[in-house]
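# Close look at the chain arrangement
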Protein chains: 2
Amino acid sequence: MEALAEYFKVFSEPNRLAVLDALREGSLNVTAVVERTGLSQALVSKHLKLLTIAGVVQRRPEGSLVFYEVSDRAVFRLISQAEKLLLATRRQQLDALAASL
Amino acid sequence: MEALAEYFKVFSEPNRLAVLDALREGSLNVTAVVERTGLSQALVSKHLKLLTIAGVVQRRPEGSLVFYEVSDRAVFRLISQAEKLLLATRRQQLDALAASL
DNA sequence: ACCTGGTATCATGATGTCGTTATGCAATTG
DNA sequence: CAATTGCATAACGACATCATGATACCAGGT
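These remarks concern the structure in this document. Keep in mind it's a predicted model, so treat the numbers as computed, not measured.

## Some words on a nonpolar patch on the surface
Residue and element names in this part refer to chain A. Together, Leu94, Leu97 and Leu101 make up an exposed nonpolar region whose accessible area comes to about 380 Å². Within the fold, leucine 101 resides in the segment after helix H5 (74-99). You can call leucine 101 exposed: its relative accessible area is 84%.

Listed below in structure tokens is the structure:
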């Protein structure tokens, strides 16, 4: 339960999701992620480190660059499922609200 | 992305997961959740409130009791999928570690 | 050996979250 | 109506997290 909560926490931060989203199409180096997300370099580095420690992402130094890529693309399914559930939930909430008027 | 992160955050807390787990088998009132989780009453109330606001759980007052239940059991699938991914990730990490020795 | 571009880390301040204790309040019971 | 039970909320302290700016690090290239 501990560990699972920690895992969910990885995805509980908008900028981390943005970084992850940037990595949807494959391997990118840090600067590329910075460009695609518009976040500061320090921030991207930090989030990438966290994602690496969590095992969500893999680090691959190549010359003077460092490439990162998602280690298991199933994370994107997890994210999609959460999105779907979130939408369903919102719909349900609106329905309940409407029914109470 | 904002909203999705917030949603993940709901599941990023061990005690909240414990409360949710207590609700696996159906509707429970606050005291019952307190008993099953061993958490303080105030804490359970707070987490249940959060879960309600997030739409994950529904509140149903009944006489002097207040029952809560999961609004969409699909959350449990989300949780299971995260557990599965987490395990796969850990395996992968161990393999990588072993390979580097 | 020195730059330079790319990446990591540190220190800090601001903000958020968690859990506790104590209290409030509503419904039920006596 | 008084007492009790069940739940919610407030105030507080401890701690975690996030973003930033500054700086360190490191590999190539000159």
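## Overview of the sheet that holds strand S2 (residues 57-62) of chain B
Residue and element names in this part refer to chain B. Taken together, 3 strands build an open sheet; the order of strands is S1-S3-S2 and the sheet is antiparallel. Here the strands that pair on one side only, and so sit at the sheet edges, are strand S1 (28-29) and S2. Two elements, S2 and strand S3 (residues 65-70), share 6 bridges in a ladder whose sense is antiparallel. Within the sheet, the bridge partner assigned to proline 61 lies in S3 and is valine 66.

## Thoughts on the environment of Ala18(A)
Assignment of secondary structure puts Ala18(A) in helix H2 (residues 14-22). Separated by 57 residues in the primary sequence, Ala18(A) and Val75(A) place their C-alpha atoms 13 Å from one another. Among residues more than four places away in sequence, those in contact with Ala18(A) are Thr37(A) and Met1(B).

## Regarding the side chain of Ser12(A)
Residue and element names in this part refer to chain A. One can find serine 12 in the loop between helix H1 (2-10) and H2. You can call serine 12 buried: its relative accessible area is 7%. Reaching out from serine 12, the side chain makes a polar contact with the backbone oxygen of lysine 9 at a distance of 2.7 Å.

## Brief notes about the protein's contact with DNA strand D
In the vicinity of DNA strand D, 22 residues are found, and the nearest of them are Asn15(A), Thr31(B), Ser45(B), Arg59(B) and Tyr68(B). A distance of 3.3 Å separates a phosphate oxygen of DNA strand D from a polar side-chain atom of Arg16(A). Separating a base nitrogen of DNA strand D from a side-chain N or O atom of Gln41(B) is a distance of 3.1 Å. Breaking the surface near DNA strand D down by element, the ones donating at least two residues are H2 and helix H4 (41-53) of chain A together with helix H3 (30-37), helix H4 (41-54) and S3 of chain B. Residues belonging to the surface near DNA strand D are distributed by class as follows: 7 nonpolar, 9 polar and 6 charged.

Cut-off values and rules
Residues numbered from 1 in each chain as written. Chains lettered and ligands numbered in written order. Predicted model: local features only at pLDDT ≥ 70, side-chain atom pairs only at ≥ 80, totals over all residues. Heavy atoms only, no water. Patch = residues over 30% accessible without salt bridge, like charges linked within 9 Å, V, L, I, M, F, W, Y side chains within 5 Å. Areas by Shrake-Rupley, 256 points an atom, 1.4 Å probe, with all protein chains shown as cover. Salt bridge = Lys/Arg side-chain N within 4 Å of Asp/Glu carboxyl O. Helix = DSSP H or I, 4+ residues; strand = E, 2+ residues; numbered from the N terminus. Buried < 20%, exposed > 50% of the residue type's maximum accessible area, 1.4 Å probe, protein only. Pairing = 2+ DSSP bridges. Contact = heavy atoms within 4.5 Å. Polar contact = N/O pair within 3.5 Å; in protein donor to acceptor, adjacent residues only side chain to side chain. Near = heavy atom within 4 Å. Nonpolar A, V, L, I, M, F, W, Y, C, P; charged D, E, K, R; others polar.

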